[in-house]
Amino acid sequence: MMSLNIIVLVKSVPDPKTPPTLKVDGSLDLKNVKIVVNPIDKYAVEAALQLKERYGGKIIGLSLGDHDNIDIFREIIAMGVDSFIYIKDPDYQRFDTLQKSYVLSRAIKKIEKDLGRVDIVLCGVESSDTNMGVLASQIGEWLEIPSISYVDKILEIKNGSIIVKKIIEDGFITLRSRMPVVLSIADTGYEPRIPSLRDTIMARRREIPIWKTSDLSLEFRETVLKTVRFKQIESKRLGKIFRDEDVDKMIDRFFEELKRDGVSLLR
Amino acid sequence: MNSRDVYVYLDVVEGRISINSLSLITKARELAKILGGGVGAIIVGRDVKKLVKDVEEYDIDVIHIIDHPKLKDHDVISYSKAVSEILSKTRPEALLMISTALGKEIASRIAVRLRTAVATDCIDLYIDNYKDPVSGEVSEKTIHCIRYVFRGELSAVVASPRQRPFIATVRPGLYPAPQKIFGRKIEVKEWSIEVSEDDLMKTEVLEIQKIERKIDLSKAKVIVAGGRGAKAEGFKLIQELASLLKGEVGATRPAVDAGWTTPDRMIGLTGQTVKPDIYIAVGISGAPQHTIGMRDSKIIIAINKDPEAPIFKISDYGLVGDLFVILPKIIERLRQLKS
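Since we're looking at a predicted model, the values are computed, not measured. (Residues numbered from 1 in each chain as written. Chains lettered and ligands numbered in written order. Predicted model: local features only at pLDDT ≥ 70, side-chain atom pairs only at ≥ 80, totals over all residues.)

## Quick notes on the interface of chain A and chain B
In many analyses, interface size is given as the accessible surface area lost on bringing the parts together.
Here's step 1: In this complex, chain A contributes 63 residues to the contact, which on the side of chain B involves 74 residues.
Here's step 2: At the level of elements, α3 (97-115), α4 (135-143), β9 (147-158), β10 (161-168), β11 (171-178), β14 (226-232), β15 (240-243) and α6 (247-260) of chain A are the ones that each hand at least two residues to the side of chain A that touches chain B.
Here's step 3: The class makeup of the residues in the side of chain A that touches chain B is 31 nonpolar, 15 polar and 17 charged. (Contact = placed C-beta atoms within 7 Å. Helix = DSSP H or I, 4+ residues; strand = E, 2+ residues; numbered from the N terminus. Nonpolar A, V, L, I, M, F, W, Y, C, P; charged D, E, K, R; others polar.)

## Considerations on the nonpolar core
Here's step 1: Formed by 131 residues in total, the largest nonpolar core has its most connected members in A:V8 and A:L122.
Here's step 2: With 7 residues, helix α4 (residues 76-90) of chain B is the single largest residue contributor to this core.
Here's step 3: Contacts of A:L122, omitting those with residues within four sequence positions, involve A:I6, A:V8, A:L9, A:A44, A:A47, A:A48, A:L183 and A:I185.
Here's step 4: Residues B:V274, B:V282, B:I300 and B:I311 belong to the second largest nonpolar core, which totals 45 residues. (Core = buried A, V, L, I, M, F, W, Y, C linked by C-beta atoms within 7 Å. Buried ≥ 20, exposed ≤ 12 C-beta atoms within 10 Å, placed from the backbone.)

## Some remarks on the sheet that holds strand β9 (residues 154-159) of chain B
Here's step 1: Pairing is mixed in the open sheet, where 10 strands are placed in the order β14(A)-β9(B)-β8(B)-β7(B)-β10(B)-β6(B)-β1(B)-β4(B)-β5(B)-β11(B). Here the strands that pair on one side only, and so sit at the sheet edges, are β14 of chain A together with β11 (187-190) of chain B. Ignoring which end each strand starts from, the neighbouring axes of this sheet average 25° apart.
Here's step 2: Here 4 bridges tie strand β1 (residues 6-9) of chain B to strand β4 (residues 39-45) of chain B, and the two strands are oriented parallel to one another. The residue of β4(B) that forms the bridge with B:Y7 is B:G40.
Here's step 3: Here helix α5 (residues 101-113) of chain B sits on the sheet in contact with β6 (94-98), β7 (118-131) and β10 (166-170) of chain B, set at roughly 170° to β10(B). (Pairing = 2+ DSSP bridges. Axes fitted to C-alpha atoms, helices over the stretch in contact; angles between N-to-C directions.)

## Describing the domain arrangement of chain A
Here's step 1: One can read the domain layout of chain A as domain 1 (4-216) and domain 2 (235-267).
Here's step 2: Inter-centroid distance (C-alpha atoms) of domain 1 of chain A to domain 2 of chain A is 42 Å. (Domains from an automatic or database assignment.)

So, in structure tokens, the structure goes:
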């Protein structure tokens, strides 16, 4: 049986259900936001777990951030990753994608020294906060290895190559890539597992080592992309939501409202 | 040409220059005029030299081309190497590319190669002075790009005041097709690159599955679409409502995967993009992969049992409850209205 060394990248983001509000200067007010794991990253974790179940190996979770709320990663450990490393940098909020991908690729190199080799690096297609979708390709370029974004499903690993189904604009494309490879996983081909109560309790006791970026011997420290300001998108939607125990009453109100707004469903 | 030029990456799709990428020329000219630079185009690939004649009457000043037999479709590494080669020699102010899956991958890698900034899925670009919030230093006439963040709840303005070129991928369909200027002669510069064996064969295409578009949902005035919550039973009701409203049936990816309807009715990232007058979302939670294909519909009506479902945030009318109770009653009501 082959044995794969897999790294899965997990980002912490403001809870997408309650996005941050803005300060008067147009910057994000992050003081009261709840930090959670980027939802789509769980699909990458699931992909990693299924690879391990099929081919054997080891999964290491890796995250970069500036907060102290490491307990949010315990859900990922409970899902089944073998260990988790958190890189903490107080300047993280100023990092652009180039800097983030560089720091993570240095960390992957460091992990590789301990493991001997890394076969597959996985992440979610994009984060719910910045919506950039560039991480997999940028890490691939920093490490000078192939990368494939928008992966629907990993199909097979054979003779040092991996075969994946990728989403493109008008369908799918099946690609074979050499390993090591970086893949970004979409939320289409996998269903993230919900950890059992036992695994959730076990995960509470696990240690999560915290690395500093200063331990990673970084040569490139620059933020080139600057965020000038944020703006709230005003919803142009009417947002008339109807709720009633009595469905007939609810539908009455719905049709009354349509009539008042001059909307006709029938044509 | 000087370093305040704006370049456009012209996508080659099935042997032709994509119309979407051509529309970026219009925007590039607008920006270049303010910057006092010209407009350049980049075409790379295999057997692409013959495509120059298809674009030489557009409003471009120079075309940079790399035609190499070893540049294969979907080979992100060698394509980003080729484009980076041209950019590092010409140093334009910015490179605009169309936001496709492949385009974003190439853009991301170029940014690492050139240690420069990339912003994806821009919805517009403009020029303004950039003032550094710490040093107070002003960079005059800097390209700013607007893009959605937090799943479309906020927008962000970003800029790359120091590093050139700024790589921006732009959502398709924002700008009109560029003007043709008859009899215009464009300068064509051909560049060469080394494509080593090491660059190649890292990834190869095994199969391409295109979704057959038997039904063009983009022309439908009314769409009734079902998601995971609709189930096979719900799709019968959806079909009934769609016929009653003289509309079409649409679906999310999970509903198509479950076999409740055909793949040509899929709406969203993998499917079609629609803007009907009325969009009725039934048992659809509102994942971004779906909403990207329907969020510009004129009126959105959602039926979902989960009051927290994100679909309600982008809806004009929302009905919270069991679709199997609500839909038959709506159908009945509409039948009465009709007769």
